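As a plain string of letters, each chain reads:
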Amino acid sequence: MIVSKFGGSSLSNASQFEKVKTIVLNNSERKVVVVSAPGKSREEKHKVTDLLLMCYQLASHKLNFDEVFGIIKKRFKNIVKDLNIKLDIDKELEIIHREIIGGASREFIASRGEYLNAKILANFLDFDFLDAKDIIFIENEKANMEKSFKAINSKIDLEKHYVVPGFYGSGIDSKIKTFSRGGSDISGAIIAAALDAELYENWTDVSGFLTADPKIVLEEQTIKTVTYRELRELSYMGAPVLHEEAIFPVKAEQIPIKILNTNRPQDSGTLILPDESVNCSDNIITGISGKKDFTVIRIEKVFMAEDLSFYRKVLSVFETNDIKIEHMPTSIDTVSFVVASSEIEGKEKKISEEIAIYTSPDNIFISKGLAIIAVVGRGMVSAKGTSAIIFTALAENNINIRMISQGSSEMNIIIGVLNEDFEAAIEAIYKKFKELKK
Ligand code: ASP
């Protein structure tokens, strides 16, 4: 069986619901459909979840929220009217309105977009509506897998078909709790894992992951297959197509995920596969991703490795200042810490002072403006000369490499270049590998 999740843009208005219906009914193995709240479309400028959160903000300050609620109301009423279904949407909206006035929690209010969308779609498809509050259990924004798996298996009868709202579930106190934003992807993944689905489909408005940012390489090449691990390594990928945390539940059960486009269902999309199931690849590289604006803190100290507590002391400085380390290239007497500039902004002086006190280094340099590029591919493990290709591409384009690091899995090469060289570097690497394929 298949679990299919449809994102907000796939359910933004009645014509999108029609597309979803055609897709779902095309394969009776699509037993569980998980939905987001209505998202943006060409005509609709706001996501319903954002509007609901605005209602909460206004209501919690005792301000009138009727205007914003009116927009939400209009959207749902139009969908129900255009689909010509029998659902008392006025009553549903009235209940939610009353809950907001009555001081409902932020998470409860935020969840109502998914709740209503699932009710509408269940009615439209003639599937059973199954409330996520009865099958997904959330503690501190994370799912309680054991409890959720048990409930999912006891509540879902695979002879039937269901629509389940994504994004939320019940907390320990039985009140509604949500995942972080975009969390319907996680709900779908948990249900797919619990039911041991053959496939977890994630329907969105793009036909999968692209090999590189199309604004830089000026062409849209979809990645056909990618492994879970490659995808993690490509996490600097521009637009978030899939919630990062959605991988883990399905990965644990070795269930493939397919990213598909509701507006172009004929496209093959991107298939995300368990790491072991595909060893080789037609391509040396699967994708290139990257991000600008990193800061490097470089510490120099002769014989630093002799002091066994050196790294622990430096790391504790980052830890106590709440700064996440992205990369940590080392050499015999130097170590660099690469962190997102936004994380360290304003704390640079404090950090270098604390490092100086703890470790008495010979020098500390802080430089901003580094961009990181991750070249990722399971095909690299067996291919020789991948880094040579990358370095040649950069040298030919006169781009200076500021940092190099290869992941121990040997399927990613990370390079640091100056922010201003970022686009040119990605383009050069992309072109070089493309040339080699010909
Ligand atoms: N509707 C929620 C959001 O906008 C959750 C989701 O779409 O997955 O974040």
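Here's what I pulled together on the structure shown here. (Residues numbered from 1 in each chain as written. Predicted model: local features only at pLDDT ≥ 70, side-chain atom pairs only at ≥ 80, totals over all residues. Heavy atoms only, no water.)

**Some points on the site of the ligand**
Argument step 1. In the vicinity of the ligand, the contacting residues are Ser36, Lys47, Thr49, Glu114, Phe167, Arg181, Gly182, Gly183 and Ser184.
Argument step 2. Between glycine 183 and the ligand, the recorded distance is 3.3 Å, taken from a backbone N or O atom to an oxygen atom.
Argument step 3. Serine 184 has a polar backbone atom sitting 2.9 Å from an oxygen atom of the ligand.
Argument step 4. The protein chains hide 92% of the 260 Å² of surface that the ligand would expose on its own.
Argument step 5. Of the residues in the shell around the ligand, the class split is one nonpolar, five polar and three charged. (Near = heavy atom within 4 Å. Polar contact = N/O pair within 3.5 Å; in protein donor to acceptor, adjacent residues only side chain to side chain. Areas by Shrake-Rupley, 256 points an atom, 1.4 Å probe, with all protein chains shown as cover. Nonpolar A, V, L, I, M, F, W, Y, C, P; charged D, E, K, R; others polar.)

**So, the side chain of threonine 262**
Argument step 1. Position of threonine 262 among the secondary structure elements: in the loop between β11 (257–261) and β12 (270–273).
Argument step 2. Within the structure, the side chain of threonine 262 is placed 2.7 Å from the side chain of serine 10, a separation counted as a polar contact.
Argument step 3. Beyond its immediate sequence surroundings of up to four residues, threonine 262 is in contact with Phe6, Ser10, Lys19, Val20, Ile23, Trp203 and Thr204. (Helix = DSSP H or I, 4+ residues; strand = E, 2+ residues; numbered from the N terminus. Contact = heavy atoms within 4.5 Å.)

**Overview of helix α7 (residues 184–194)**
Argument step 1. Where burial is concerned, most of α7 is hidden: 11 out of the 11 residues are buried.
Argument step 2. Among the residues making up α7, those that are buried are Ser184, Asp185, Ile186, Ser187, Gly188, Ala189, Ile190, Ile191, Ala192, Ala193 and Ala194.
Argument step 3. Just downstream of α7, aspartate 196 is the residue with a positive phi angle, here 50°. (Buried < 20%, exposed > 50% of the residue type's maximum accessible area, 1.4 Å probe, protein only.)

**Some points on the sheet that holds strand β6 (residues 162–165)**
Argument step 1. Spatial ordering of the open sheet is given by β3-β6-β2-β1-β9-β11-β12-β10, a layout of eight strands whose pairing is mixed. Strands with a single pairing partner mark the edges of an open sheet, and in this sheet they are β3 (128–129) and β10 (225–227).
Argument step 2. Inspection of the sheet shows strand β2 (residues 30–35) paired to β6 by four bridges, in the parallel sense. The residue bridging valine 35 from the neighbouring strand is proline 165, located in β6. (Pairing = 2+ DSSP bridges.)

**Digging into the sheet that holds strand β17 (residues 412–418)**
Argument step 1. Taking strand neighbours across the sheet as the criterion, the five strands line up as β14-β13-β15-β17-β16 in an open arrangement whose pairing is antiparallel. In this open sheet, the two strands that pair with only one neighbour each are β14 (334–340) and β16 (403–406). Here the average twist between neighbouring strands, direction ignored, is 30°.
Argument step 2. Relative to β17, β16 runs antiparallel, the two being bridged by four bridges. Considered in β17, the bridge of glutamine 406 is made with isoleucine 413.
Argument step 3. Running over the sheet, helix α11 (residues 310–320) touches β13 (287–300) and β14 and is turned about 20° from β14.
Argument step 4. Running over the sheet, helix α14 (residues 386–396) touches β15 (363–376), β16 and β17 and is turned about 15° from β17. (Axes fitted to C-alpha atoms, helices over the stretch in contact; angles between N-to-C directions.)

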